[in-house]
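In case you want the letters, here they are:
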Number of protein chains: 2
Amino acid sequence: MNPRLAVILLLATAAANGATADDPNYTPDGKLKPPADYREWIFLSSSLDMSYRKRGDMMGHSMFDNIFVDPASYREFVKTGTWPEKTRLVMEMRGATKKGSINQHGRFQSGEPMGVEVHIKDSARFPGGWAFFAFGGAEPAQQIPTGADCYSCHQEHGAVNTTFVQFYPTLLKIATEKKTLSPNYHP
Amino acid sequence: MNPRLAVILLLATAAANGATADDPNYTPDGKLKPPADYREWIFLSSSLDMSYRKRGDMMGHSMFDNIFVDPASYREFVKTGTWPEKTRLVMEMRGATKKGSINQHGRFQSGEPMGVEVHIKDSARFPGGWAFFAFGGAEPAQQIPTGADCYSCHQEHGAVNTTFVQFYPTLLKIATEKKTLSPNYHP
């Protein structure tokens, strides 16, 4: 066989198998593996001590959240204003430090991640289209049960396709231009 | 000529010419063009309202700084713990917003960038090795004069090669392991 054709067939087979049990992102029992290279993905935004509850729930801790998306899904969003299948959004939490080196005011990020969460779109695998996973380290994680608040809150308030694009300024601009904002979304 | 050899020679010539007037990042009169695609570079960290002065100088504004580096220089840092020639670090400033959508606490980023600064390493072009440029929009910028505070402060306090790696947690870990921290650096 022509080697180029063989490569194309191999890629096509891999794409067709994406949502089945041999997806390399999952363990055979359906746990998601933490993405190893998300720090080299596309950065969407960061925030400090955000909370959607009236009463803050930081328990004295101060944290930055950094949001990343896999590059292929980012490029698709730039073209279309919404997310393709296999989109992986990562939220990484890092301690917000006041004192260090020559800093006098404000807060900077320091130390190891305090947690990593993934929001993944895979309609063939998850009945609602999207699923959340929370990681404490390098171990694969079970899906967060679909009764958890994160699902209903993202569904009700996410500006685009159940995601909080309202907090990612470069994507909000694109979604506004492409008219892909959810009718539920209120700025 | 063997076409592959021709390509190699072309690349070698381009590399040798990197610091001359035909570098596409500069205008013929030596202004730096703002990098168009830095939001797709590697994210290093973000901070909120940091200041190195005893008295804050935010004048009532609250801002996030997002730091990015070009991917080739990032990969070199991961290997060596320091920056190669042509490194471009970008600091993007964005407004820190409290009220919006369902947010109740903390701050998130919103709106257009409030400014973009570049720290670039190019020893053939700049006597001190590095230069700073500040952009207000799409126009090329003159180098910030070398008498400005940013040069002396980065020189005295930058953890690696005059850059504030002490505020980029993933790189600080690498520099510590590779023993490339400046003797001037105090955590």
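Residues numbered from 1 in each chain as written. Chains lettered and ligands numbered in written order. Predicted model: local features only at pLDDT ≥ 70, side-chain atom pairs only at ≥ 80, totals over all residues.

Novice: Report on the interface of chain A and chain B, specifying residues and quantitative values.
Specialist: At the junction of the two partners, chain A supplies 36 residues and chain B supplies 36 residues. It is strand β1 (residues 42–51) of chain A that provides the largest number of residues to the side of chain A that touches chain B, a total of 9 residues. Here the side of chain A that touches chain B is composed, by residue class, of 11 nonpolar, 18 polar and 7 charged. Relative to strand β4 (residues 105–121) of chain B, β1 of chain A is paired through 3 bridges, and the arrangement is antiparallel. Looking at β4 of chain B, one finds that Leu48 of chain A is bridged to Arg107 of chain B. (Contact = placed C-beta atoms within 7 Å. Helix = DSSP H or I, 4+ residues; strand = E, 2+ residues; numbered from the N terminus. Nonpolar A, V, L, I, M, F, W, Y, C, P; charged D, E, K, R; others polar. Pairing = 2+ DSSP bridges.)

Novice: Break down the pairing of strand β2 (residues 63–69) of chain B for me, citing the residues and quoting the values.
Specialist: Residues and elements named next belong to chain B. In terms of burial, β2 is largely enclosed, as 6 of its 7 residues are buried. Where strand β1 (residues 42–51) and β2 come together, 6 bridges link them in antiparallel fashion. By the bridge assignment for β2, Ser47 is matched with Asp65. Pairing analysis gives 7 bridges linking β2 to strand β3 (residues 88–97), with the strands arranged antiparallel. Pairing of Phe68 across the sheet is with Val90, part of β3. (Buried ≥ 20, exposed ≤ 12 C-beta atoms within 10 Å, placed from the backbone.)

Novice: A description of unusual backbone geometry should follow, citing residues and the corresponding values.
Specialist: Residue and element names in this part refer to chain B. Its identity as a non-glycine residue notwithstanding, Asp49 has a phi of 55 degrees, on the positive side. Structurally, Asp49 is set in strand β1. One non-glycine residue, Lys179, adopts positive backbone phi at about 55 degrees. Its location among the elements puts Lys179 in the segment after α4 (169–178). C-beta crowding within 10 Å serves as the criterion here: with 7 such atoms nearby, Lys179 is assigned to the exposed category.

Novice: Describe the relation of the copies chain A and chain B, and please don't skip the residues or the numbers.
Specialist: When chain A is brought onto chain B, the operation consists of a screw motion whose angular component is 180 degrees and whose axial shift is 0.0 Å, with 0.0 Å RMSD remaining. The relationship between the two copies is best expressed as a two-fold rotation axis. Across chain A, the rotation axis passes nearest the C-alpha of Phe43 of chain A, at a separation of 3.0 Å. Here 100% of the contact residues of chain A are again contact residues in chain B; the copies associate through an equivalent surface. (Least-squares fit on C-alpha atoms with pLDDT ≥ 70 in both.)

Novice: Tell me about α4 of chain B, and name the residues and values.
Specialist: Among all positions of α4 of chain B, only Pro169, Thr170, Leu171, Leu172 and Ala175 of chain B are buried. Against the buried residues of α4 of chain B lie β3 (88–97) and β4 (105–121) of chain A together with β1 and α2 (71–80) of chain B. Just downstream of α4 of chain B, Lys179 of chain B is the residue with a positive phi angle, here 55 degrees.

Novice: Can you tell me about the environment of Trp130 of chain A, naming the residues and giving the values?
Specialist: Residues and elements named next belong to chain A. Tracing the backbone through its elements, the reader meets Trp130 in strand β5 (residues 130–135). Sequence spacing of Trp130 and Thr87 is 43 residues, and the spatial spacing of their C-alpha atoms is 9.1 Å. The contacts of Trp130, once residues within four sequence positions are left out, are His119, Ile120, Lys121 and Thr162.

Novice: Describe the nonpolar core, and please don't skip the residues or the numbers.
Specialist: Core analysis: the largest hydrophobic core is formed by 66 residues, its most contacted members being Phe68 of chain A together with Phe68 of chain B. If near-sequence neighbours (up to four positions away) are discounted, Phe68 of chain B is found in contact with Tyr38, Trp41, Ile42, Phe43, Leu44 and Val90 of chain B. Listed in part, the 6 residues of the second largest apolar core include Leu48 and Phe64 of chain A together with Phe64 and Ala96 of chain B. (Core = buried A, V, L, I, M, F, W, Y, C linked by C-beta atoms within 7 Å.)

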